[in-house]
Amino acid sequence: KVEIFLADYEPPKTVVTDIRLVFCLFDTHADITATSTFTRNGDLAAPMVLDAGDMLEIVSVKLDGVAARHSRGKRTLTVEGAGAGGTLEIVTRIKPQDNTKLEGLYRSGGMFCTQCEAEGFRQITAFPDRPDVMARYAVRIEADKASCPVLLSNGNPVASGGLGEGRHFAEWEDPFPKPSYLFALVAGDLGHITDHFTTASGRRVTLNIYADPRDLDKCDHAMESLKRSMRWDEEVYGLEYDLDLFNIVAVGDFNMGAMENKGLNVFNTKCVLASPETATDRDYDSVEGIIGHEYFHNWTGNRVTCRDWFQLSLKEGLTVFRDQEFSADMGSRAVKRLDDVRILRSHQFPEDGGPLAHPVRPDRYVEINNFYTVTVYNKGAEVIRMMHRLIGAEAFRKGMDLYFARHDGQAVTCDDFAAAMADASGKDLSQFKRWYSQAGTPVLSVSRARTGNDVIVTIEQETAPTPGQPVKEPFHMPFLMGWVATDGQAITPVVTGGDWREDGCLLEVREGRQSFTFKDVPEGAVPSLLRGFSAPVRLKSDLTREDLAFLLRYDSDPFARWEAAQTLARDQVLGVTAALIEGRNAPADTPFSDAVESLFADKALDPAFLAELLTLPGEVELGQMMEVLEPGHLHEAREATLNDLATRYEAEMRARYDSLRPKGGYKQDGAARAARRLANLLLQFLARRPGGDALVKAHYEAADNMTDRIAALSAVSDSDFACRGAILADFYERSKDEPLVLDKWFAVQATSRRGDTVQKVRELSRHPAFTLKNPNRLRSLVSSFTMLNQAGFHDPSGQGYRFLAETILAVDKINPLIAARLVAPLGRWARVEPARQAMMLDSLRFILDEPKLSDDVRELAAKSLK
Ligand code: B3K
Ligand code: ZN
């Protein structure tokens, strides 16, 4: 496969306006007749070249009813004599039951389902399979009635009936022109739950969630989330749903989280099913967020779509921003923001600082599936958030309105989006757009200088080179800050070049180095920096430990307050790490442990927020801050810090833990959830103390919900408690018929901090319940280990790297897209200590030595070796 460049974009030569698809589904194969009405641009004498997937058999090709000359390329179908336009009929045959890539039409359990984004439609029929070709779809599905009583596609049902010989059919029509990646079909033996939603303008919409009949008791939370999403989009953006029917289907074998097909969202079971017995509070939040995300795509993605796949963040960054805001409005805004910052720091920053760094709008790719990344999604959402911050909520809404007024029904670019925002607000966003084209995480250094009564705040920005981008221009970004006087009160000193708002003073940073003068700042006042994490940067500042401890007590901005705690914690852990590496005694000062004292005293603190403040940065994030990563020492130092906290505050923790334990039964409200969050965190600390064994066992036995049960299981899995074996076995017994719960059993063991985890993971990979074919199961063991267990993955034996390399090669034969998504951790060798580095490079070479390696894995492994 060759590299494709953004700069080479050309409008489509073949445009399809209408397509009729007839699917005849059998256990052994599927036959598909696609009849398209097309027109052509450019050289009409040239043959028509369509995209055709490698799993496709072309049975016949006709132009205007007459057999046409055609030939097959590796990934194309060339048809002669197409002229200026007409009707093209293509018959294809495929084998959905053999499709382990889970792209195009495949089978999951007994059911037929599709995944077409990005380039799966070409595995169903030959077509100009690109998002700027938008057609109206009419679909007929014929299948066996007993095994496939439910037949679904996009849009509205228009006909159905029996066909004899146990077969039946259904016909669907979608009135909205759409790109092929939004096509979907589902056929299977599914149950469903139904509800209704009446839109602001009075349209009554039927809502269905289809699932395996055994899972119907786990669909209510998704249904409630869907109705909340629909209402939210009306209230916040004035956007209504546009069909009379909205269907969601839960599928057990699915590459990604979910898919926003028009009127027929297909979901990974993990992202839709939830019950107190099977899902944690976090899972509940994640279901709500993803239901929202896919629903919001109906406007940001479907009604207005992407011109080409380089523009992926046009729909994904924007839709992630929308789902983040939705979740913030449904739950705790402060806590949601911290979760999003954690994802950036532990996943996106490493990507941006490693060999796979790419801009939010990439300018080249070999395999587009490799670009569904945290950069395109989550950094893309930060780019939208910064625009929102720079122009303000009101202008942002005007910009959205203008974007839809201009582009409804079109396939457009990130530039078109930025233009709507610039035109609606009058703000020049030309420099700002560098966030789309330049990769890398800027480092911001903030310093203070007092001159008389004034304080000059100087902000410098620098972005290190990334692959292919040796020199970076300065970014335009919003920097939100505040001041806290010595009495703990917020003050708002007059500032040159800044603008005070409710949540702080907005400074617009545009230069490499820039200063802002705050007038008459009282002596001792402390600046609160980067409030709300107003830009996706790494922050360095001259704040002292005393300043940070002060902000932790008094800052009104939740992010800045939490960040003060995180900074102290990083200092403490990294200080211990350095001492361990150099063979010194641990430093005597423990700034984070000291600062925590005030938190237990603060009775007004929301328990959920206290839990955030007490959660140390993870090892991946901490490792990013070391010049040379020594994963073993870092792990030991972080453990020492946790032990120190547990020892010093055991009494406070125990008292608080006891006070938080529920008196009545299980509840899902905010207060009950916050109490569980804190109690379960405290349990992890208390498990480190004498008597931890009995406490954890009692917690496990008392658990009447998955949040509590998994908290105890995780403490057990980290330990060598006598009850360890029995509790792991009990959890297995309870979960063996619930795939999503069984995934947790694998994940908990893969993230164990015990020293024997790498051997255990190998062993688990041979467990009869483990399979490489189901992406959820695979990720629950392998990605949990390689991405969330830094010390385990970097086991000094090198076995972690070897295990990952072998797994990648095995998965590559089944599902290259999923195999490629496992590669990244091996590529982050550059900053790792030399002995491990050599073993990581060996493992990458071992992968690249495989002659039959997929393009998917090759693209990432080759980049990782550079
Ligand atoms: N748009 C889909 C992702 C499809 C991934 C294809 N490899 C899910 C989402 O972002 O909503
Ligand atoms: Zn999306």
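For the chain, an unreviewed UniProt entry supplies the name Aminopeptidase N and the organism Gimibacter soli. In its Cofactor (unreviewed entry) section, the UniProt record describing the chain reads: "Zn(2+)". In the Catalytic activity (unreviewed entry) part of its UniProt record, the chain is described as follows: "Release of an N-terminal amino acid, Xaa-|-Yaa- from a peptide, amide or arylamide. Xaa is preferably Ala, but may be most amino acids including Pro (slow action). When a terminal hydrophobic residue is followed by a prolyl residue, the two may be released as an intact Xaa-Pro dipeptide."

Caption draft 1: Looking closely at the pairing of strand β30 (residues 504-509). Pairing geometry for strand β27 (residues 477-484) and β30, over five bridges, is antiparallel. Residue pairing in the sheet places P478 in a bridge with E508 of β30. With four bridges connecting them, strand β29 (residues 498-501) and β30 associate as antiparallel partners. From the neighbouring strand, D499 faces β30, where its bridge partner is L506. Linking β29 to β30, which pair antiparallel, is a turn of two residues.

Caption draft 2: Summary view of the UniProt feature "domain: Peptidase M1 alanyl aminopeptidase Ig-like fold" (unreviewed entry) in the chain. The sites that carry the UniProt feature "domain: Peptidase M1 alanyl aminopeptidase Ig-like fold" (unreviewed entry) are, in the present numbering, residues 440-541. Secondary structure over residues 440-541 splits into 0% helix and 50% strand, and the C-alpha atoms at its two ends are 20 Å apart.

Caption draft 3: Broad picture of the sheet that holds strand β4 (residues 48-51). Sheet architecture is open: three strands sit in the order β4-β8-β7, paired in antiparallel fashion. Looking along the sheet, the strands with just one partner apiece sit at the ends: β4 and β7 (70-72). For this sheet the average axis-to-axis angle between neighbouring strands, irrespective of direction, equals 20°. As paired strands, β7 and strand β8 (residues 76-79) are joined by three bridges and run antiparallel to one another. For S71, the partnering residue across the bridge sits in β8 and is T78.

Caption draft 4: Structural view of the sheet that holds strand β31 (residues 513-518). If you walk across this open sheet you meet the four strands as β31-β26-β25-β33, and the pairing is mixed. In this open sheet, the two strands that pair with only one neighbour each are β31 and β33 (538-541). Ignoring strand direction, the axes of neighbouring strands in this sheet form an average angle of 20°. Of the strand pairs in this sheet, strand β25 (residues 443-451) and β33 are connected by four bridges, and their pairing is parallel. Directly across from V443, in β33, lies its bridge partner R538.

Caption draft 5: Local environment of the site of ligand 1. Taken together, E117, A118, M256, A258, M259, E260, H293, E294, H297, E316, N369 and Y372 make up all the residues around ligand 1. Where the shell around ligand 1 is concerned, the elements lending two or more residues are β20 (258-259) and α2 (281-296). The class makeup of the residues in the shell around ligand 1 is five nonpolar, three polar and four charged.

Caption draft 6: Structural view of unusual backbone geometry. In the segment running from E117 into A118, the intervening peptide bond is cis, with an omega of -5°. Structurally, A118 is set in the loop between β11 (111-115) and β12 (134-144). With a phi close to 50°, F533 is a non-glycine residue in the positive phi region. Residue F533 is classed as buried on the basis of its C-beta count, with 22 C-beta atoms lying within 10 Å.

Caption draft 7: Inspection of the environment of T771 at higher detail. Among the secondary structure elements, T771 is positioned in the loop between α21 (757-764) and α22 (775-788). Spatially, the C-alpha atom of T771 lies 9.9 Å from that of L781, the residues being 10 residues apart in sequence.

Caption draft 8: Main features of the pairing of strand β14 (residues 156-164). In terms of burial, β14 is largely open, as just zero of its nine residues are buried. As paired strands, β14 and strand β15 (residues 167-179) are joined by seven bridges and run antiparallel to one another. Counted as the bridge partner of P157 is W172 from β15. Linking β14 back to β15 in an antiparallel pair, the connection comprises two residues, with E165 at a positive phi of about 55°.

Caption draft 9: Layout of the UniProt feature "domain: Peptidase M1 membrane alanine aminopeptidase" (unreviewed entry) in the chain. As annotated in UniProt, the feature "domain: Peptidase M1 membrane alanine aminopeptidase" (unreviewed entry) corresponds to residues 222-435 in the numbering used here. Regarding residues 222-435, the helix share stands at 55% and the strand share at 9%, and the terminal C-alpha atoms are separated by 34 Å.

The rules we used
- Residues numbered from 1 in each chain as written.
- Chains lettered and ligands numbered in written order.
- Predicted model: local features only at pLDDT ≥ 70, side-chain atom pairs only at ≥ 80, totals over all residues.
- UniProt positions renumbered as here; feature names shortened; annotations may be inferred.
- Pairing = 2+ DSSP bridges.
- Helix = DSSP H or I, 4+ residues; strand = E, 2+ residues; numbered from the N terminus.
- Axes fitted to C-alpha atoms, helices over the stretch in contact; angles between N-to-C directions.
- Near = placed C-beta within 6 Å.
- Nonpolar A, V, L, I, M, F, W, Y, C, P; charged D, E, K, R; others polar.
- Buried ≥ 20, exposed ≤ 12 C-beta atoms within 10 Å, placed from the backbone.

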